[in-house]
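# Fold and geometry: a report
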Amino acid sequence: MGKNTKEKILEAAFHELELSGPSFRMDDLARRFNISKRTLYENFSSKEEIIDKVIEALQDELYQQHLELLKDTRLTADEKLLAFFAMRIRSASRLPKHAIYDLLKKMPSLNDSVSERSMRDWKLLEEFVDEAQQKNLFVSFDKKLFMYMLSGISKEIFNNFDDLDEYYAYPEAMEPCIRMLLNGIKKNGGTPPDENQS
């Protein structure tokens, strides 16, 4: 059985997450896969480990999508920056919008491993911003501060999904924030409209 069984269990677990979210039961998973609960526990120590492995597979897929995006020579630097946060995990398209958020809320013990894996993507983004600055695609700014702002916005949105409108998913919430950082918030160079008309 070995690895093949583990992969099939994770596939079945993903389908259970699509149907029931984090409240799925191990009995349902065993029934879907047509195996005993004992076989499940021979391959995984707990439901949390199964869910962590499912999230890990999704994060690996997102990381690959980010790599492809940043290598795409057809896009401008700001298009890449916007698309980086608009990226949706292809295989997770049928998951509810707040699925990962709900999982981490119900299983806070997974937060550390998920955060640790997401650091790869942040590192990738930081390297991209650094390279874009070196190529004069962005004006000169404090890259570290910029990354702090991005990660701070990202964490705030993720941690406050309950306060956002129902139609918002992470990408929809991040886009206007990125646009504000890219375009600034000044109108007419920061001077009142009547001073411009002379």
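## As for the nonpolar core
In this structure, Ile-9, Leu-29, Leu-40, Ile-50, Ile-51 and Ile-55 are the most contacted members of the largest nonpolar core, which totals 26 residues. Of all the elements in the fold, those that place two or more residues in this core are helix H1 (2-20), helix H2 (26-33), helix H4 (47-71) and helix H6 (99-106). Looking at which element gives the most residues to this core, the answer is H4, with six residues. If near-sequence neighbours (up to four positions away) are discounted, Leu-40 is found in contact with Ile-9, Met-26, Leu-29, Ala-30 and Ile-35. Among the nonpolar cores identified, the runner-up in size contains 25 residues, and Leu-125, Phe-128, Val-129 and Phe-161 belong to it.

## Looking at the packing of aromatic side chains
Applying the stated criterion across every chain yields a total of five aromatic pairs. For the pair Phe-85 and Trp-122, a centre-to-centre distance of 5.7 Å together with 50° between the ring planes defines the contact as tilted. Of this pair, Phe-85 sits in helix H5 (residues 77-86) while Trp-122 sits in helix H7 (residues 111-134), placing them 37 residues apart in sequence. Trp-122 matches Phe-85 in its accessibility class, with the two residues each being buried. With centroids separated by 6.4 Å and ring planes inclined at 90°, the aromatic side chains of Phe-128 and Phe-138 adopt a geometry described as edge-to-face. One end of the pair, Phe-128, is in helix H7; the other, Phe-138, is in the loop between H7 and helix H8 (143-159), and 10 residues separate them in sequence. Take Phe-138: its relative accessible area is 11%, and that puts it in the buried class.

## Some remarks on the environment of Glu-175
On the secondary structure map, Glu-175 appears in helix H9 (residues 170-183). A sequence separation of 90 residues divides Glu-175 from Phe-85, and the C-alpha atoms of the two residues are 7.2 Å apart.

## Points about the environment of Leu-125
With respect to the helices and strands, the residue Leu-125 is situated in helix H7. Considered as a pair, Leu-125 and His-66 are 59 residues apart in the sequence and their alpha carbons are 8.6 Å apart. Sequence-distant contacts of Leu-125, defined by excluding residues within four places in its chain, comprise Leu-81, Phe-84, Phe-85, Met-147 and Leu-150.

## Let's talk about the layout of surface pockets
Taken as a whole, the second largest pocket holds about 280 Å³ of empty space. Taken together, 17 residues line the second largest pocket, and the ones lying closest to its centre are Leu-70, Lys-71, Lys-80, Phe-128 and Glu-131. Among the elements of the structure, H4, H5 and H7 are those that each provide at least two residues to the lining of the second largest pocket. Among the elements that make up the lining of the second largest pocket, the one with the highest residue count is H7 (five residues). Grouping the amino acids of the lining of the second largest pocket by side-chain chemistry returns eight nonpolar, three polar and six charged.

## Considering the pattern of salt bridges
According to the stated counting rule, one finds 14 salt bridges in the structure shown. In this structure, Lys-53 engages Glu-56 in a salt bridge whose closest nitrogen and oxygen atoms are separated by 3.4 Å. In this pair, Lys-53 and Glu-56 are both assigned in helix H4, three residues apart and thus about one turn of the helix distant. Taking the relative accessible area as the measure of exposure, Lys-53 reaches 32% and is therefore partly exposed. Residue Glu-131 pairs with Lys-135 through a salt bridge whose shortest N-O separation is 3.0 Å. On the accessibility criterion, Glu-131 (43% relative accessible area) is partly exposed. According to the relative accessible area criterion, Lys-135 is exposed, its value standing at 52%. Bridged by salt links that share partners, the residues Arg-25, Asp-27, Asp-28, Arg-31 and Lys-37 form one connected network.

Basis of the calculations
Note that residues are indexed from 1 along each chain, following the sequence as it is written. Under the rules for a predicted model, residues below a pLDDT of 70 receive no local features and side-chain atom pairs below 80 are neither given nor counted, while totals for whole chains, interfaces and linings still include all residues. As a rule here, side-chain values cover all heavy atoms of the structure and leave hydrogens and water aside. Residue types Ala, Val, Leu, Ile, Met, Phe, Trp, Tyr and Cys, when buried and joined through side-chain atoms within 4.5 Å, form a set referred to as a nonpolar core. Note on classification: 1.4 Å probe, protein chains only; a residue is buried when its accessible area is under 20% of the maximum for its type, exposed when over 50%, partly exposed between these limits. Counting from the N terminus, the helices are DSSP H or I runs at least four residues long and the strands are E runs at least two residues long. Contact definition: two residues touch when any of their heavy atoms are within 4.5 Å. Only Phe, Tyr and Trp rings take part, Trp by its six-membered ring, and two of them pair if their centres are within 6.5 Å. Stacked means planes under 30 degrees apart, edge-to-face means over 60, and tilted covers everything else. Site definitions follow a grid-based scheme: protein atoms alone, a 1 Å grid, a 1.4 Å probe that fits but cannot get out for cavities, and for pockets an open set with protein on both sides within 12 Å along at least five of seven lines, plus lining residues having an atom within 4 Å of a point. Grid points are joined across faces, edges and corners, and a volume is the space filled by probe spheres set on the points. Under the scheme applied, nonpolar residues are Ala, Val, Leu, Ile, Met, Phe, Trp, Tyr, Cys and Pro; charged residues are Asp, Glu, Lys and Arg; polar residues are all the others, including Gly. Here, a salt bridge means any side-chain nitrogen of Lys or Arg that lies within 4 Å of a carboxyl oxygen of Asp or Glu.

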